[in-house]
Amino acid sequence: MAWRSVGKDNADLVRKLREFNIISVDKVEKAMKETDRKLYCPNNSYMDAPQGIGCGVTISAPHMHAYALELLKDHVRPGSHVLDVGSGSGYLTACFARYMKAQAEDANSLVVGIEHQAKLVDLSIRNIQSDDASLLESGIIKLIQGDGRLGCAEHAPYDAIHVGAAAPDTPTELIDQLNKGGRLIVPVGPAQGSQYLEQYDKDTSGTVTKTRLMGVMYVPLTDLKTP
């Protein structure tokens, strides 16, 4: 299985994800190849499994990031607004930005990474600066500290929202910030209980449809008071 794979380097890891059909789109493959995980995950960088990044949190396994990019690929377009909740080390935030830029440059393109721990926000800024400082300097990426459960109303509505931790129940605040025609991907369920990756699509009339995708296991989505 893909999640038992180990790459020799970043390109090898991404190649294996493509071979296992986790990745199907060239631009997703390109974005992940250009975003070297070792800059965001110093331990076991190319192992397809969750890894600790400090502050008591983990970075998701590469195959889950690939799934997120694939599931949101049609909603991450030039000029789109994207929200990455629980952005952690900044890895997937950078992948979203690169995927968007690979299609076309657009001054309105924006990927917002929101993280409740200030140390992780600082870490993600350093990581992206080491990777490609222009992603921050151009304004395509904004990294902010805040309660991701409440989204980020300042830059709403969002065409795509990804949540990297499990919400205990339907995240209505995030659905409210979803643009018409947008898509939200979020793991839902209690800590240490049954969790499912769920997809919420809002059509042009504002009607929301939920699709349960697969069973998952994520750390819980927490607030600013949680260390």
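First, a word on what this report is: a plain description of the structure on this page.

The subject of this paragraph is the nonpolar core. Judged by nonpolar contacts, the single largest core of 42 residues is most densely connected at M32, V76, F96 and I141. Looking at this core, the elements that each hand over two or more residues are α1 (10–19), α2 (26–34), β2 (57–59), α3 (62–72), α4 (91–103), α5 (118–132) and β5 (141–145). For this core, the element with the most residues is α4, which contributes eight residues. When near neighbours in sequence (up to four residues on either side) are disregarded, I141 contacts T93, A94, A97, V111, I128, L135 and L136.

Two quantities define a packed helix pair, namely the angle between the helix axes and the distance between the axes. The geometry of α2 relative to α4 is characterised by a closest axis approach of 8 Å and an angle of 130° between their N-to-C directions. Judged by the angle between their axes, α2 and α4 are oblique. The chirality of how α2 crosses α4 is right-handed. Each of K27, V28, A31, M32 and E34 in α2 lies in contact with α4, whose residues at this interface are Y91, C95, R98, Y99, A102 and Q103.

Across the 11 residues that make up α3, a large majority, nine, are buried. By the burial criterion, the buried members of α3 are P62, H63, M64, H65, A66, A68, L69, E70 and L72.

Attention shifts here to the pattern of salt bridges. Taken as a whole, this structure holds 12 salt bridges when the rule is applied. One salt bridge connects R98 with D131, and the closest N-O pair in it is separated by 2.8 Å. Taken together, the residues span a long stretch of sequence, with R98 in helix α4 and D131 in helix α5 at a distance of 33 residues. Here R98 and D131 have matching classes, each one buried. Across the salt bridge formed by R212 and E198, the nearest N and O atoms sit 3.7 Å from each other. Taken as a pair, R212 in strand β9 (residues 208–216) and E198 in strand β8 (residues 195–202) lie far apart in primary sequence, 14 residues in all. Look at E198 and you get buried, because its relative accessible area is 3%. Within the structure, one salt-bridge network assembled from shared partners comprises K8, D12, R15, K16 and E19.

Cut-offs and rules
Throughout this description, residue numbers start from 1 for each chain and increase along the sequence as written. The model is predicted, so local features are restricted to residues of pLDDT at least 70 and side-chain atom pairs to those at 80 or more, both for listing and for counting; the totals for chains, interfaces and linings are taken over all residues. For the side-chain quantities, the full set of heavy atoms in the structure was used; hydrogens and water were omitted. Working definition of a nonpolar core: buried Ala, Val, Leu, Ile, Met, Phe, Trp, Tyr and Cys residues. They are joined through side-chain atoms within 4.5 Å. Per-residue accessibility, obtained with a 1.4 Å probe over protein chains only, is compared with the maximum for each type, and a residue is labelled buried under 20%, exposed over 50%, and partly exposed between these values. For helices the rule is a DSSP run of H or I covering at least 4 residues; for strands it is a run of E covering at least 2, with both sets numbered from the N terminus onward. Throughout, a contact is declared for two residues whenever any of their heavy atoms are within 4.5 Å. Note on geometry: axes are lines fitted to C-alpha atoms, helical ones only across the stretch in contact, with angles between N-to-C directions running from 0 to 180 degrees. Any angle that is under 35 degrees is reported as roughly parallel, and any over 145 degrees as roughly antiparallel; angles of 65 to 115 degrees are reported as roughly perpendicular and all others as oblique. For a crossing to be left-handed, the near helix must be turned anticlockwise from the far one by less than a right angle; the clockwise case is right-handed. Any Lys or Arg side-chain nitrogen found within 4 Å of a carboxyl oxygen on Asp or Glu counts as a salt bridge.

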